Amino acid sequence: MRERYKEGSARAAKNILSVIEKVKENNELILVFPHRSVDGDCVGSASGIVSIVRSMGADAYVAIPEELPENMEFLGIGDYLFRPDGDSAIAEEYRSEGTIGGKKTGAAIATDISDSSRMGVSGEIFDSIETKIVIDHHASVTARSDYYWIDPDSSSASEMVFYVAEQISAVTGKELKDLLAVNAAKAVLAGIVTDTGRFTFKNTRPETLETAGSLIDLGGDISVVCYNLFDRKTKAKFLLSAKARSQVQFFYDDKFALTVVPYEQFVECGAGPDGVDDVVSAMRDIDGVELAIVLRELDNGEIRGNIRSQEYFDCSKFASGFGGGGHFRAAGFTYKDGTISELAEEVIKRVQSDL
Ligand SMILES: [Mn+2]
């Protein structure tokens, strides 16, 4: 492991081991929190933590705020997931008794996210838990405590979780393959693949590739991840993606590319909310485009904005102007205060001053 990860990962490992001891003593469990609009990284890192905690003899679940997207079902992590508003037996027990399997929650671990406002229905639960550990790589996180490990230079929260597993292995003598079960290794690898854009983004470092190699040894498979998460698509998704691309508008000497996808186009093509996931990075890769934004309207009338930049445009800062966040070259927000065309106008206006 590279020097720069040692302090943070050792501290996170120590904190996780201490809460594992505490919940075992008190007959409690640990809940792990991803962000809403789940992606490979938050699901992968959270699954890695659940596997580690369970291998140490304590109970843990990912408090997932929505249904696992169909393209992540191949990971085989259904057993790790607890959806607070779902209709499973554990969700019903949780809602009526505040317990899962008779156990109350003794600690929260958030991965790829640090604050409850972006955890959807799970946010309220996170806020109610006193002991909180955070493992995150978002530059927008400003909170700091001994229980937070924030590393904006890490490719992904999943890569960070792998280093935590290595540290726990060193401290406890448990083998990595016992800490990270095959499905967890697959999920952690999926997280790294997702946040590095299949090892093509600038956040891909030598150690990112070394980590991916170790995860392959533990049962991960890059080609299976890439096919399931990025390449395979339904006819509906293909048609909607084509439509979204064909209606791209260019502004400011073609440096800004914007496409606006109203809900009726999702209906018309029969595609789900992930139907335009592949569009924004394709737009950003057009010669001369510095900034690409996709606005998509969801079935509840909310609008998701996805932002990507090539070089100098700070996407995270721009997203925060709409109550969102993310990374320098990739960020997003959710908008509830008007129509998609009003939002588009506002976005075009605000982009001009930063571009
Ligand atoms: Mn991430």
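Draft legend 1. Region of the structure containing the sheet that holds strand 3 (residues 81-82). Ordered by their spatial adjacency, six strands build an open sheet running 3-2-1-4-5-6, and the pairing between neighbours is parallel. Taken across any chain shown, the strands that pair with only one partner, and hence form the sheet edges, are strand 3 and strand 6 (148-150). Of the pairings in the sheet, the one linking strand 5 (residues 132-136) to strand 6 comprises three bridges and is parallel in character. For Asp136, the partnering residue across the bridge sits in strand 6 and is Ile150. Across the face of the sheet, helix 1 (residues 3-26) comes into contact with strand 1 (29-33), strand 4 (105-111), strand 5 and strand 6 while running at roughly 155° to strand 4. The sheet strands contacting helix 2 (residues 40-55) are strand 1, strand 2 (59-63), strand 4 and strand 5, and the helix crosses strand 2 at an angle near 170°.

Draft legend 2. View of unusual backbone geometry. Residue Phe199 is not a glycine yet carries a positive backbone phi of 65°. Looking at Phe199, the number of C-beta atoms within 10 Å reads 15, which means it is partly exposed. Positioned with a positive phi, Asp253 is a non-glycine residue whose angle comes to about 55°. Following the sequence through the fold, Asp253 ends up in the loop between strand 7 (249-251) and strand 8 (256-261).

Calculation rules
- Residues numbered from 1 in each chain as written.
- Predicted model: local features only at pLDDT ≥ 70, side-chain atom pairs only at ≥ 80, totals over all residues.
- Pairing = 2+ DSSP bridges.
- Helix = DSSP H or I, 4+ residues; strand = E, 2+ residues; numbered from the N terminus.
- Contact = placed C-beta atoms within 7 Å.
- Axes fitted to C-alpha atoms, helices over the stretch in contact; angles between N-to-C directions.
- Buried ≥ 20, exposed ≤ 12 C-beta atoms within 10 Å, placed from the backbone.

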